[in-house]
Amino acid sequence: MKTETDFIGTDVPWQKITPGGAVYSGGNSSGFRTGDWSSIKPFLDKEKCRNCHLCVPVCPDSVITAGDDIPEFNLNLCKGCGICVEACSFSALSMKKEEI
């Protein structure tokens, strides 16, 4: 059950924020479109991908899900941290500047 302290926004007074600003749960970008914050996004080279899905659990914002054959990315949530690129043992992921 979600409480009023689960979502911090402009309408939440500082008294209701967790002590020290601690974050008690991950993957909070699913409620927001945080992908607009960065112009650098992960790019998957499907030829190099070995479907190991090692990139899925390391994503702090649940951007990557395990697809049937290859991982699927919801870039609307991606902040461009690059953790998935570092986790890929096969160099199938790289960070690319998004073309506008």
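Heads up: the structure comes first, above all this text.
Before going into details, it helps to say that this report is about the structure given with it.

Definitions and cut-offs
- Residues numbered from 1 in each chain as written.
- Predicted model: local features only at pLDDT ≥ 70, side-chain atom pairs only at ≥ 80, totals over all residues.
- Heavy atoms only, no water.
- Helix = DSSP H or I, 4+ residues; strand = E, 2+ residues; numbered from the N terminus.
- Buried < 20%, exposed > 50% of the residue type's maximum accessible area, 1.4 Å probe, protein only.
- Contact = heavy atoms within 4.5 Å.
- Salt bridge = Lys/Arg side-chain N within 4 Å of Asp/Glu carboxyl O.
- Core = buried A, V, L, I, M, F, W, Y, C linked by side-chain atoms within 4.5 Å.

The next point concerns the overall build of the chain. The number of helices and strands found in the chain is 2 helices and 4 strands. Split into buried and exposed, the 100 residues of the chain put 26% on the buried side. Contacts in the chain between residues far apart in sequence, at least 24 positions, make up 61% of those at least 6 positions apart.

In this section: the pattern of salt bridges. One pass over the full model with this rule turns up 1 salt bridge. Aspartate 61 serves as the salt-bridge partner of lysine 79, at 3.3 Å between the closest nitrogen and oxygen. Note that lysine 79 is positioned in the loop between β3 (72-73) and α2 (83-87) and aspartate 61 in the loop between α1 (55-58) and β2 (64-65), a separation of 18 residues in sequence. Judged by its relative accessible area of 32%, lysine 79 falls in the partly exposed class. By relative accessible area, which is 8% here, aspartate 61 ends up buried.

Quick look at the nonpolar core now. Core analysis: the largest hydrophobic core is formed by 13 residues, its most contacted members being Leu44, Cys55, Val63, Ile64, Cys84, Ala92 and Leu93. Beyond its immediate stretch of four places on either side in the chain, isoleucine 64 contacts Cys55, Val56, Cys59, Pro71, Glu72, Phe73 and Cys84.

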